[in-house]
Amino acid sequence: MPSYRIAPSILSADFARLGEEVRNVVAAGADIIHFDVMDNHYVPNLTVGPLVCQAIRPHVEVPIDVHLMVKPVDRIIPDFAKAGANIITFHPEASEHIDRSLQLIRDHGCKAGLVFNPATPLHYLEHVMDKLDIILLMSVNPGFGGQSFIPHTLKKIAAVRRLIDDSGRDIMLEVDGGIKIENIAEAARAGADTFVAGSAIFGKPDYKAVIDAMRKELAA
Ligand code: DX5
Ligand code: ZN
């Protein structure tokens, strides 16, 4: 069985109690903290920046996975690395120089990845597989938590799984958007190994009950 990781998105957490929220969700079994950065330019919403990443860093030991929904991307990368990010991903169409942005992330000691919206073509992967530690596939259009999983993205997950397997490289395949207890197994069967879930976890009072139920689905 592949090793699966659950990555709660703080987008649906209570921002007034963020330190406590991330501690609680890690105590409940989270493997990674997913940190959504939106700029009201690349996506129609505005969230948080490196200062908030730095503020939560002392509260958790698990990796912080920074999902940049910003354009341009390069000038903010060093700030997130300094703020304690472990993984930084960006949308290829938001970068003028994809190879340079990936290299910049790696030069700052973080794992690097590309994010694909439901309709973004996979050809961006062609020349950069050797610089990727993670591929993040959006199963909703980015910008908001609480949206419904778009079913045709399952085919895309399967296609990326094949590309990763063919590459022979150890690249994480993360899926983000509308993941719940009810559909996590389907995403895993398609080939995902890392699952972002915002509203499904933070929208419920018992985080451990949700994460345990997700793991049970993944083990079935
Ligand atoms: C959407 C974000 C997601 C979002 C997921 O643009 O990238 O990480 O928080 O939230 P849910 O799990 O509620 O769809
Ligand atoms: Zn995200």
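Note that the structure is predicted; figures quoted are calculated from it, not measured. Every chain is numbered independently, its residues counted from 1 as its sequence is written. Each chain gets a letter, beginning with A, and each ligand a number, beginning with 1, in the order they are written. A pLDDT threshold of at least 70 governs which residues receive local features in this predicted model, and a stricter bar of 80 or more applies before side-chain atom pairs are shown or counted, although totals over entire chains, interfaces and linings include all residues.

Asker: What is the right way to read the overall build of the chain from this model?
Answerer: In terms of regular secondary structure, the chain is built from eight helices and eight strands. In terms of C-alpha radius of gyration, the chain reaches 16 Å, essentially the compact-globule figure of 17 Å for 220 residues. Out of the 220 residues belonging to the chain, those deemed buried represent 43%. By the criterion used throughout, residues are in contact when their C-beta atoms, derived from the backbone, lie within 7 Å. Taking the contacts inside the chain whose residues are at least 6 apart along the sequence as the reference set, 64% of them involve residues at least 24 apart. Helix and strand assignments come from DSSP, with helices taken as H or I runs of at least 4 residues and strands as E runs of at least 2, each series counted from the N terminus. Here the globule rule reads 2.2 Å times residues to the power 0.38, and the radius of gyration is calculated from C-alpha atoms. The exposure scheme places C-beta atoms from the backbone and then counts, for each residue, the other C-beta atoms within 10 Å of its own, assigning buried at 20 or more, exposed at 12 or fewer, and partly exposed in between.

Asker: What should I look at first to understand the UniProt feature "binding site: a divalent metal cation" (unreviewed entry) in the chain in this one?
Answerer: UniProt positions are given in the numbering used here, feature names are shortened, and annotations may be inferred rather than shown by experiment. The feature "binding site: a divalent metal cation" (unreviewed entry), as annotated in UniProt, sits at H34, D36, H67 and D176 in this numbering. Taken together, the annotated residues stretch across 143 residues yet fold into one region, lying no more than 10.6 Å apart by C-alpha. Looking at the element boundaries, D36 is found in strand β2 (residues 33-38). Filtering out sequence-adjacent residues up to four positions away, D36 remains in contact with S9, L11, T47, H67 and M69.

Asker: What is the right way to look at the pairing of β2 in this model?
Answerer: For a regular strand, side chains alternate in direction, first toward one face of the sheet and then toward the other. The buried fraction of β2 is high, at six of six residues. On β2, burial covers both faces: I33, F35 and V37 on one face and H34, D36 and M38 on the other are all buried. Two strands qualify as a pair provided that DSSP identifies no fewer than 2 bridges between them. Looking at chain direction, β2 and strand β3 (residues 64-69) are connected through six bridges and run parallel. Paired with H34 across the strands is D65, a residue of β3.

Asker: Teacher, can you tell me more about the pairing of strand β7 (residues 172-176) here?
Answerer: Most of β7 sits inside the fold, with five of its five residues counted as buried. Residues of β7 alternate between two faces, with M172, E174 and D176 on one and L173 and V175 on the opposite face, all of them buried. With five bridges connecting them, strand β6 (residues 134-138) and β7 associate as parallel partners. Among the inter-strand pairings, M138 is bridged to a residue of β7, identified as D176. For the handedness criterion, the strands are oriented away from the viewer, and a crossover whose path from the first strand over the helix to the second runs clockwise is classed as right-handed. In the classification by handedness, the crossover that spans β6, the intervening helix α5 (residues 153-167) and the parallel β7 is right-handed. Looking at chain direction, β7 and strand β8 (residues 194-197) are connected through three bridges and run parallel. Bridge pairing in β8 links E174 to T194. With helix α6 (residues 184-190) bridging β7 and the parallel β8, this β-α-β connection has right-handed handedness.

Asker: Looking at this structure, how should I read the UniProt feature "active site" (unreviewed entry) in the chain?
Answerer: Mapped onto this structure's residue numbering, the UniProt feature "active site" (unreviewed entry) falls at D36 and D176. Despite a sequence span of 141 residues, these residues sit close together in the fold, their greatest C-alpha distance being 10.6 Å. D36 gets classed as buried once you count the C-beta atoms within 10 Å, which come to 24. Tracing the backbone through its elements, the reader meets D176 in strand β7. On the basis of neighbour counts, which here come to 26 C-beta atoms within 10 Å, the residue D176 falls in the buried class. Among all residues touching D176, those that are not within four sequence positions of it are H67, L136, M138, S139 and V196.

Asker: Would you explain helix α8 (residues 207-219) in this entry?
Answerer: Because each turn of an α-helix spans 3.6 residues, side chains separated by three or four positions in sequence point in the same direction. Taking 1.5 Å of rise per residue, the 13 residues of α8 would be expected to cover 18 Å, and the 18 Å separating its terminal C-alpha atoms lies within 8% of that figure. The elements touched by buried residues of α8 are β1 (5-8), α1 (18-27), α6 and α7 (199-202). A helix is expected to span 1.5 Å for every residue after the first.

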